[in-house]
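# Report on the structure
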Amino acid sequence: MTTDSDNYEGASNRVEAVAQFEDKRRGFMAKVQHALHVNPALVPLFVLLTSILVFGLLLGSRFFSPFAMTLILQQVQIVGIVAAAQSLVILTAGIDLSVGAIAVISSVIMGQFTFRYGIPVGLSVALGLAFGTAIGALNGWLVSRMKLPPFIVTLGMWQIVLAANFLYSANETIRSQEIEAEAPLLQFLGTTFKIGADADGRGGATFTYGVIAMVLIVVILAYTLRQTAWGRHVYAVGDDPEAAQLSGVNVNRTLISVYALTGFICAIAGWALIGRIGSVSPTSGQLLNIESITAVVIGGISLFGGRGSIMGTFFGALIVGVFTLGLRLAGADAQWTYLLIGVLIIAAVAVDQWIRKVSA
């Protein structure tokens, strides 16, 4: 005769049997795939270290020197700043083709307000930063409120800002001698200083304040995206905006803030651009939109949004700088740089697709 206690014990055994899951050991490649999914900056970091090692072995002290290493940082500072801004937009599954134009027109406003209208240079810089922020916020409003595709909005804004830049400046370049004499603050981010030089000022590593600005922007954005609610909202919007909205994220406000911050950072890049080339030129920085996207893609940020890190973008910008300087020192044709970077772009997208299978 079966008692109630027997039935209870049998039911308990069946529940325990159902609760047991099969422990499948993942293979090596699956573990690598998962590690790259969790830490997307590992791939560009590996490529960066490998390229530095290869060029160092081939070129010796010509490449492995404080001067060469810091020269790479100086060369990529503008692209690195703009790429950090571009990363924010791409993390939301968008794209901003107007970043280069925003940087240039911000620099033009800083210069023209100072020399054409006699506005104090500090205020001119602040107005240039505000103008870049306003253009970015307008992009964000059109994308979030008007529901227009980011590609179309920023493509149109790129043309508008580019035309406004030439019309407003009358294609006039403000020469470096004038800036140095009357408004040196415009060239501040291009000011150099040395670390580790001898008593005569020889040797050591040479940096610019623009490089410091780039590193600070990357570090601040990396912390903000990983450690703040706003950063988590950015990833959530890029991964699935509808799910983010249902979970309480204000998607429209997040998008507007992302594009506004992008415009602000691009304006900083415009200020750094004056310091880098010494003058205010409306024809400078024409390829910054493409170069920034290149750094972002090589850096492992997914073009589909919701995955990647600012540190990866930083590594991506450095990879381009290492290839450019290394091949130049090796005496190779400049076209090899474009060829290898093109291969890296395609490989980065292929790796991203492979990694995304983890979350599929």
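Look up: the structure comes first, before these words.
Overview of the structure. (Residues numbered from 1 in each chain as written. Predicted model: local features only at pLDDT ≥ 70, side-chain atom pairs only at ≥ 80, totals over all residues. Heavy atoms only, no water.)

## Notes on the pattern of salt bridges
In this structure the tally under the stated criterion is 1 salt bridge. A salt bridge links glutamate 178 to arginine 175, with the shortest nitrogen-to-oxygen separation between them at 3.4 Å. Taking the relative accessible area as the measure of exposure, glutamate 178 reaches 27% and is therefore partly exposed. Judged by relative accessible area, arginine 175 falls into the exposed class, the value being 51%. (Salt bridge = Lys/Arg side-chain N within 4 Å of Asp/Glu carboxyl O. Buried < 20%, exposed > 50% of the residue type's maximum accessible area, 1.4 Å probe, protein only.)

## Quick notes on the pairing of strand β2 (residues 205–208)
Neither face of β2 is exposed, since Ala205 and Phe207 on one face and Thr206 and Thr208 on the opposite face are all buried. Relative to β2, strand β1 (residues 192–195) runs antiparallel, the two being bridged by 4 bridges. Note on β2: the bridge partner recorded for isoleucine 195 is alanine 205. (Helix = DSSP H or I, 4+ residues; strand = E, 2+ residues; numbered from the N terminus. Pairing = 2+ DSSP bridges.)

## As for the packing of aromatic side chains
Counting across every chain of the model gives 9 aromatic pairs. A connected cluster of aromatic rings, assembled from ring pairs, spans Phe188, Phe193, Phe207, Tyr209 and Trp271. Cation over ring: arginine 116 sits above tyrosine 168, and NZ or CZ is 4.7 Å from the ring centre. (Phe/Tyr/Trp six-rings, centres within 6.5 Å; stacked < 30°, edge-to-face > 60°. Lys NZ or Arg CZ within 6 Å of the ring centre and 35° of its normal.)

## Looking at the environment of serine 281
Locating serine 281 in the fold gives a position in the loop between α12 (251–277) and α13 (288–298). Along the chain, serine 281 and threonine 173 lie 108 residues apart, while their C-alpha atoms are 4.7 Å from each other. Within the local environment of serine 281, its side chain forms a polar contact with the side chain of threonine 283, the two groups lying 2.9 Å apart. (Polar contact = N/O pair within 3.5 Å; in protein donor to acceptor, adjacent residues only side chain to side chain.)

## Focus on empty space enclosed by the protein
By the definition in use, this model includes 2 cavities of 30 Å³ or more. Considered as a void within the structure, the largest cavity measures approximately 60 Å³ in volume. What lines the largest cavity is Leu97, Gly100, Ala101, Val104, Trp158, Leu162, Asn165, Pro282, Ser284, Gly285, Gln286 and Asn289. Secondary-structure elements contributing two or more residues to the lining of the largest cavity are α5 (99–115) and α7 (150–169). When its residues are assigned to classes, the lining of the largest cavity shows 6 nonpolar, 6 polar and no charged. Around the second largest cavity sit Val297, Gly300, Ile301, Ser302, Leu303, Phe304, Ala348, Val349 and Asp352, which together line it. When residues of the lining of the second largest cavity are assigned to their parent elements, the largest contribution, 3 residues, is made by helix α15 (residues 335–356). (1 Å grid on protein atoms, 1.4 Å probe; cavity = no way out; pocket = protein on both sides within 12 Å on 5 of 7 lines; lining within 4 Å. Points joined across faces, edges and corners; volume = space filled by probe spheres on them. Nonpolar A, V, L, I, M, F, W, Y, C, P; charged D, E, K, R; others polar.)

This is a description of form; function is not addressed.
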